[in-house]
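# Working through the structure, step by step
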Amino acid sequence: MKDAAGHTLYRRHFGLLPADFELNTRAAPIGETALMTLASNAPIDIVTEASDVYEATLVPGKRNSFAVTARSANVIPNPLFKIASPSNDKYLLLRQRYPVSGARLLTPDESLCATNELLLNQLAGYRLLLCAPNSVAESFTLVFAVHSRNGVLVSTSKKVKILGSTETLSLYGFYQDFVQLLSVTDDQDAFINIEVKTNRTWLTFSIRRYNARLVREGDSYLTVVHNRQLAKSSEKPQDLFAMSLTDPLQTPVALEKHCTEGVATGLYHTDILRRQPDLWLVYAPAESEFSFRPCLYVTQEQSAIEVDREIKTLHSAAKAYHPVANPDVIQHVITQMAEDYHHTGWQYLAALKQNYSHLPLSTFETWKALAQSPAALALAIFRLELDESFCLRLRDELAVIFETIPLLVWIKTRQIFKSVLSAAGLPEIFVESTIKNRDGVMRLVVSGFDHMTDYLDTGDVNVLILPPLDAVLRIWYQGLRQDHVDDQWPETLKQPLRSWLAEADLPQCVKQLTGRNYTDSVTFLPIFMAYVSVGKASIAQLGDNHTLIKFFIKQHADFDRRWFLDLHALMVAHLEKYKRN
């Protein structure tokens with residue numbers, strides 16, 4: 001690698017191992033001796049590098065077989081082998097993970113994790129080390145269970161087959177799965193318990209949203225209590241802020257730290273909040289070393305507000321909201337917003353998005369209410385100019401399934417948006433570029449958008465050009481089976497989908513596609529969701545717990561996104577074009 005001036009900045013040589021080269025291992029617990037054998041019919045010579053973290057010695061009487069022992073109980077070493085072969089002028093360096101038996105959790109610095117609790121937003125660098133004994137295949141099961149105050153809410157599992165000696169799995173690679181699991185409950189203190197097992201349990205640990213909690217100390221103070229497994233008390237005083245839930249555009253209020261002889265005590269004064277009657281949400285800034293569930297702080301005067309009058313703005317709805325006495329007031333305003341592009345509530349949501357997007361969306365009742373209103377959610381994508389990443393947050397954090405929004409809603413929303421832009425007297429080139437920008441997001445939330453743009457713009461079913469359903473389905477289905485021949489297929493929704501299928505107005509070629517087997521859930525879900533998208537079915541037909549059903553829908557759809565999106569788009573187009581029949 002060279003810079004612009006031609007100076008060499010980095011040089012690395014690569015070599016080739018013999019075609020029949022293989023590594024065989026015999027795993028062992030840390031502190032005991034593992035066996036690593038590097039085999040090839042080619043004339044190769046292998047030596048090991050000395051190290052402070054492991055000891056490797058040649059096994060007497062065995063060619064290129066080494067006994068390896070870890071010197072530390074807290075570090076899993078990566079033994080380094082120097083391999084000389086006729087095809088290379090220099091030694092090849094091969095670094096191989098020490099085959100520790102079972103499963104271990106590694107920190108970003110390669111040491112064994114000493115805690116059994118991790119923070120959701122700090123998973124980068126943490127890895128699971130899985131080792132198969134004696135280089136034979138081993139199947140590990142990862143069980144993810146969501147725990148809340150009410151016990152275990154949902155549990156799901158993944159099987160990982162280890163064919164070689166050791167493999168590492170990035171925990172951050174499961175981040176989206178973890179966020180979606182936590183979306184099944186409104187409980188901000190819910191956590192995920194992870195169990196890694198074969199014929200025995202090797203590892204158990206938890207993943208939490210927060211590493212601290214906010215506690216009231218009488219009427220005058222707040223204090224932060226740390227989870228000692230997740231965070232150490234910082235020597236540097238941390239800032240706390242309070243936002244006004246009735247006016248998110250208002251500048252946040254910084255809470256004053258209580259000090260004794262110039263030293264912060266960990267207490268925060270609340271006098272400033274009590275002097276300004278309002279509905280406050282106390283939170284830690286994004287850069288803070290600790291995180292906690294945002295705390296609602298209601299002044300005495302504010303809690304006595306009259307809630308019987310008609311509420312027309314989100315600002316007033318935030319004041320009037322009460323989870324027991326007035327739980328639907330925010331939802332009523334969101335319903336009004338769905339019919340009014342210029343409603344003041346959109347300014348409220350825009351302020352939340354701009355100033356407090358670092359907080360979980362489930363912190364705010366307004367985002368939760370928006371997620372429950374298909375018409376308002378569709379309009380929000382245009383009115384708030386939501387980008388792909390924010391739409392993904394809605395999907396993952398609030399269990400939003402965009403396929404449940406009827407196509408007629410999308411058609412109406414696009415017409416409203418275009419009419420607003422035209423009425424504003426904007427230049428045509430600006431209108432076109434704005435619509436093009438929104439189309440980029442529509443591709444994410446509407447299956448097969450590129451093939452349905454003309455229909456969404458006009459509502460004319462004659463513009464839909466479709467292939468023969470029977471032939472396409474069978475070809476796609478066989479491809480689906482081949483792509484996942486060795487995978488474990490989810491079957492949670494099999495029975496309710498079969499019940500729906502029996503009554504659905506579908507041709508026999510569709511109903512008999514699978515022959516009723518373990519592929520039913522994955523196969524028929526996009527067809528069912530197409531009926532939902534055209535308003536001929538509801539996810540309530542799959543079960544009573546809507547949030548849990550939404551999680552299972554996402555789990556099945558993610559099993560093969562291409563199958564789900566392509567078949568959903570095809571079926572929606574068919575249902576729309578032939579709905580009169």
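See above for the structure.
Quick caveat: nothing in here was measured; it's all calculated off a predicted structure.

What counts and what doesn't
Residues numbered from 1 in each chain as written. Predicted model: local features only at pLDDT ≥ 70, side-chain atom pairs only at ≥ 80, totals over all residues. Heavy atoms only, no water. Helix = DSSP H or I, 4+ residues; strand = E, 2+ residues; numbered from the N terminus. Buried < 20%, exposed > 50% of the residue type's maximum accessible area, 1.4 Å probe, protein only. Contact = heavy atoms within 4.5 Å. Areas by Shrake-Rupley, 256 points an atom, 1.4 Å probe, with all protein chains shown as cover. Lys, Arg positive; Asp, Glu negative; His and termini not counted. Charge placed at Lys NZ, Arg CZ, Asp CG, Glu CD. Polar contact = N/O pair within 3.5 Å; in protein donor to acceptor, adjacent residues only side chain to side chain. Phe/Tyr/Trp six-rings, centres within 6.5 Å; stacked < 30°, edge-to-face > 60°. Core = buried A, V, L, I, M, F, W, Y, C linked by side-chain atoms within 4.5 Å. Pairing = 2+ DSSP bridges. Axes fitted to C-alpha atoms, helices over the stretch in contact; angles between N-to-C directions. Salt bridge = Lys/Arg side-chain N within 4 Å of Asp/Glu carboxyl O. Patch = residues over 30% accessible without salt bridge, like charges linked within 9 Å, V, L, I, M, F, W, Y side chains within 5 Å. Parallel < 35°, antiparallel > 145°, perpendicular 65-115°, else oblique. Left-handed = near helix turned anticlockwise from the far one by under 90°. Nonpolar A, V, L, I, M, F, W, Y, C, P; charged D, E, K, R; others polar. Arc of directions from axis to C-beta.

Secondary structure summary: the protein contains 18 helices and 23 strands in total. The principal-axis extents of the C-alpha atoms in the protein amount to approximately 90 × 80 × 60 Å. For the protein, the residues scored as buried account for 49% of the 581 residues in total. Across the protein, the fraction of contacts at a sequence separation of at least 24, relative to all contacts at a separation of at least 6, is 64%. Accessible surface computed for the protein: about 29100 Å², of which carbon and sulfur atoms make up 49%. Across the protein, the 58 positively charged side chains and the 64 negatively charged ones have centroids separated by 4 Å.

The next subject is the side chain of serine 111. Tracing the backbone shows serine 111 in the loop between β8 (102-106) and β9 (117-119). Within the structure, serine 111 has its side chain in polar contact with the side chain of threonine 107 (distance 2.8 Å). Here aspartate 109 takes part through its side chain, which lies 2.7 Å from a polar atom of the side chain of serine 111. Setting aside chain neighbours within four positions, we find serine 111 in contact with Asn74, Val75, Leu105 and Leu106.

The subject of this paragraph is the packing of aromatic side chains. Across all of its chains, the model carries 15 aromatic pairs by this definition. On the basis of an interplanar angle of 25° and a centroid distance of 5.5 Å, the ring pair of tyrosine 172 and tyrosine 175 is categorised as stacked. Exposure remark for tyrosine 172: the relative accessible area of 47% places this residue in the partly exposed category. Between phenylalanine 382 and phenylalanine 417 the ring centres are 5.0 Å apart and the planes differ by 50°, which places this aromatic pair in the tilted class. Pair noted here: phenylalanine 382 is in helix α8 (residues 374-383) and phenylalanine 417 is in helix α10 (residues 407-423), with a separation of 35 residues, a long-range link. Note on phenylalanine 382: relative accessible area 3%, which makes it buried.

Trp367 and Trp410 are the most contacted members of the largest nonpolar core, which has 139 residues in total. Counting residues per element, this core draws most heavily on helix α16 (residues 520-533), which supplies nine residues. Those residues in contact with tryptophan 410, other than ones at most four positions away along the chain, are Ala378, Ile381, Phe382, Phe402, Ile405, Met442, Val445, Val446 and Leu456. If you look at the next biggest cluster of nonpolar residues, it comprises 23 residues, including Met36, Leu38, Val68 and Ala70.

Turning our eyes to something else, we now look at the sheet that holds strand β7 (residues 92-95). An order of β3-β6-β7 is seen for the three strands of this open sheet, with the pairing classed as antiparallel. Looking at the sheet topology across the chains shown, the edges are occupied by β3 (45-48) and β7. When strand polarity is set aside, the average angle formed by the axes of neighbouring strands in this sheet is 30°.

A few words on the pattern of salt bridges. Note that side chains of opposite charge can pair when their charged atoms are close. Scanning the model with the defined rule gives 24 salt bridges in all. Of the charged contacts in the structure, one is a salt bridge between aspartate 177 and lysine 158, with a shortest N-O distance of 3.8 Å. A residue pair is termed long-range when its members are at least 10 positions apart, and aspartate 177 in helix α1 (residues 175-182) and lysine 158 in strand β12 (residues 151-162) qualify at 19 residues. Classification of lysine 158 by relative accessible area gives partly exposed; the value is 32%. Sharing partners across several salt bridges, the network here consists of Arg149, Asp187, Asp189 and Arg293.

This next bit is on the environment of aspartate 328. Following the sequence through the fold, aspartate 328 ends up in the loop between α4 (314-320) and α5 (329-337). The class for aspartate 328 is partly exposed, based on a relative accessible area of 45%. Along the sequence, aspartate 328 and alanine 369 sit 41 residues apart, while their C-alpha atoms lie 8.8 Å from each other.

Residues Met1, Leu9 and Tyr10 make up a contiguous nonpolar surface patch of roughly 380 Å² in combined accessible area. Looking at the element boundaries, leucine 9 is found in the segment before β1 (22-26).

Another point: the packing of helix α9 (residues 388-397) against helix α11 (residues 428-445). Two elements in contact, α9 and α11, have axes whose closest approach is 10 Å; the angle formed by their N-to-C orientations is 30°. Here α9 is positioned roughly parallel relative to α11, judged by the angle of their axes. α11 is crossed by α9, and the crossing has right-handed handedness. Mapping the contact onto sequence places Glu388, Cys391 and Leu392 in α9 and Gly440, Val441, Leu444 and Val445 in α11. Its residues assigned to classes, the contact of α9 with α11 comprises five nonpolar, one polar and one charged.

Right, let's get into unusual backbone geometry. The phi angle at glutamate 110 is positive, at roughly 80°, despite the residue not being glycine. In this structure, glutamate 110 sits in the loop between β8 and β9. The phi angle at alanine 399 is positive, at roughly 55°, despite the residue not being glycine. By the secondary structure assignment, alanine 399 is in the loop between α9 and α10.

Among the residues of α5, Val329, Ile330, Val333, Ile334 and Met337 are the ones counted as buried. With its buried residues spanning 140° around the axis, α5 presents them on a single face.

This part covers the environment of alanine 42. Checked against the element boundaries, alanine 42 lands in the loop between β2 (33-39) and β3. Linking alanine 42 and proline 86, residues 44 residues apart in sequence, is a C-alpha distance of 8.4 Å. Those residues within four positions of alanine 42 in sequence are excluded, and the remaining contacts are Pro18, Asp20 and Arg63.

An order of β8-β10-β13 is seen for the three strands of this open sheet, with the pairing classed as antiparallel. Taken across any chain shown, the strands that pair with only one partner, and hence form the sheet edges, are β8 and β13 (166-170). On average, adjacent strands in this sheet sit at an angle of 20° to one another, irrespective of strand direction. Both strand β10 (residues 127-131) and β13 contribute to a ladder of five bridges, which runs antiparallel. If you follow arginine 127 over to β13, its bridge partner there is serine 170.

The quantities given are spatial measurements derived from coordinates; they are silent on function.
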